[in-house]
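# Structural overview for review
Given next are the chains, with one letter for each unit.
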Amino acid sequence: MKIPRFDNAHILTVGDAMLDRYWHGDTNRLSAEAPIPVIQVKDIEDRPGGAANVALNVSSLGATSSLVAATGYDEMAEIMKSKLLSSGIACNFIQVQEMSTITKVRLVSRNQQMIRADFEAPFEIDVQLILSAMRHISSYDVLILSDYDKGVFEDPSRIISSAKNAGKPVLIDPKFKPFSAYAGATLIKPNSLELKNAIGEWSTEADMLKKCRGLMSSICCEAMLVTRASEGM
């Protein structure tokens, strides 16, 4: 199989970004306060997550990568921006004064995740702010919408229309909205759970394909890629 080249591509990712923080340490005793293990934290690792991770993956393929996302005015946004900039990713953050950047903290010991704590409240982003942030859409080759249901895409239709009017393909990583919200997209990439939410259960592979084709026809979507864990794509 010939791997395509991405080094001439300029790809814009718009979506719900977050910071994934990992606390690594050893567990050698139980707490005196409750029957739970105590982690002696020795290392803190921060990674761009959500749409920020998508932008990072685009960059790792060799493409020029840009990101539009919502954050707070806080340390987590600065950490995420620093890591993205160090990978050559252009960042355009819509920063909301009274909000905090979505952060997920994982406690890991002996390569096993023990607990996760999420710091998040959904954003309410005016679509006009997103359209303004992607006003140079004609200079990009592809638009990716990375939807994690955190408030950036209350109504993605105007964003999709803006890109399509500029002649740009739109790739969607959806969540649990009705897929009619993504009408006109070039490609939608649900996982099995997101697909079941959109088309209901299926009895056979042929039944699934029939329902997918019916959905694609109804929302004018050109292609669908379903990720199915051990069953492949």
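Description of the structure in this document.

What counts and what doesn't
- Residues numbered from 1 in each chain as written.
- Predicted model: local features only at pLDDT ≥ 70, side-chain atom pairs only at ≥ 80, totals over all residues.
- Heavy atoms only, no water.
- Helix = DSSP H or I, 4+ residues; strand = E, 2+ residues; numbered from the N terminus.
- Buried < 20%, exposed > 50% of the residue type's maximum accessible area, 1.4 Å probe, protein only.
- Areas by Shrake-Rupley, 256 points an atom, 1.4 Å probe, with all protein chains shown as cover.
- Lys, Arg positive; Asp, Glu negative; His and termini not counted.
- Charge placed at Lys NZ, Arg CZ, Asp CG, Glu CD.
- Pairing = 2+ DSSP bridges.
- Salt bridge = Lys/Arg side-chain N within 4 Å of Asp/Glu carboxyl O.
- Core = buried A, V, L, I, M, F, W, Y, C linked by side-chain atoms within 4.5 Å.
- Contact = heavy atoms within 4.5 Å.
- Right-handed = clockwise from strand over helix to strand, strands pointing away.
- Polar contact = N/O pair within 3.5 Å; in protein donor to acceptor, adjacent residues only side chain to side chain.
- Expected span 1.5 Å × (residues − 1).
- Arc of directions from axis to C-beta.

Turning our eyes to something else, we now look at the overall build of the protein chain. Broken down by element type, the protein chain carries 6 helices and 11 strands. C-alpha atoms of the protein chain, sized along the principal axes, occupy 60 × 45 × 40 Å. Counting over 233 residues, the protein chain shows a buried share of 44%. Of the accessible surface of the protein chain, which amounts to about 12,700 Å², a share of 51% is contributed by carbon and sulfur atoms. Counting 25 positive and 28 negative side-chain charges, the protein chain places the centres of these two groups 5 Å from one another.

Bringing the sheet that holds strand E1 (residues 10-15) into the picture now. Ordered by their spatial adjacency, 7 strands build an open sheet running E5-E4-E1-E8-E9-E10-E11, and the pairing between neighbours is parallel. The open sheet terminates on both sides in strands that have one partner only, identified here as strand E5 (90-96) and strand E11 (223-224). Pairing geometry for strand E10 (residues 187-188) and E11, over 2 bridges, is parallel. Considered in E11, the bridge of leucine 187 is made with alanine 223.

Despite not being glycine, aspartate 149 shows a phi value in the positive range, around 60°. One non-glycine residue with positive phi stands out, namely cysteine 220, at about 55°. Structurally, cysteine 220 is set in the loop between helix H6 (205-219) and E11.

The next point concerns the pattern of salt bridges. Under the criterion given, the structure shown has 16 salt bridges. When the shortest N-O distance is used, the salt bridge between lysine 175 and glutamate 194 registers 3.8 Å. Highlighted residues: lysine 175 in the loop between strand E9 (170-173) and E10 and glutamate 194 in helix H5 (residues 192-199), separated in sequence by 19 residues. A relative accessible area of 23% places lysine 175 in the partly exposed class. By relative accessible area, glutamate 194 is classed as buried at 4%. Through salt bridges with shared partners, a single ionic network connects Lys104, Arg116, Asp118, Glu120 and Lys150.

Take the nonpolar core next. Nonpolar side chains tend to gather and get buried jointly when the protein is soluble and globular. Ranked by size, the top nonpolar core spans 41 residues in total, and within it Val14, Leu143, Leu145 and Ile159 carry the most contacts. The leading source of residues in this core is H6, at 5 residues. Not counting the four nearest positions on each side in its chain, leucine 145 is found in contact with Val14, Phe153, Pro156, Ile159, Ile160, Val170, Leu171, Ile172 and Asp173. Leu19, Ala51, Ala52 and Ile79 belong to the second-largest nonpolar core, a separate cluster that totals 14 residues.

Right, let's talk about the pairing of E5 for a bit. Relative to E5, strand E4 (residues 64-72) runs parallel, the two sharing 7 bridges. By the bridge assignment, valine 68 is partnered in E5 with asparagine 92. In terms of handedness, the path from E4 via helix H2 (residues 75-86) over to E5 forms a crossover that is right-handed.

Now for the side chain of lysine 177. Within the secondary structure, lysine 177 sits in the loop between E9 and E10. You can call lysine 177 buried: its relative accessible area is 15%. Here aspartate 147 takes part through its side chain, which lies 2.7 Å from a polar atom of the side chain of lysine 177. At 3.0 Å, the side chain of lysine 177 and the side chain of aspartate 149 are in polar contact.

Moving on: H2. A rise of 1.5 Å per residue sets the reference length of H2, with its 12 residues, at 16 Å; its end C-alpha atoms lie 17 Å apart and thus fit the reference within 8%. All of the buried residues in H2 are Met76, Ala77, Ile79, Met80 and Leu84. Along the axis of H2, the buried positions cluster into a sector of 165°, meaning they face one direction only. Exposed residues lying more than 90 degrees from the buried face of H2 are Glu75 and Ser86. Where the residues of H2 are buried, they touch strand E2 (17-30), strand E3 (37-50), helix H1 (51-60), E4, E5 and strand E6 (103-109). Positive phi appears at glycine 88, one or two residues downstream of H2, with a value of about 80°.

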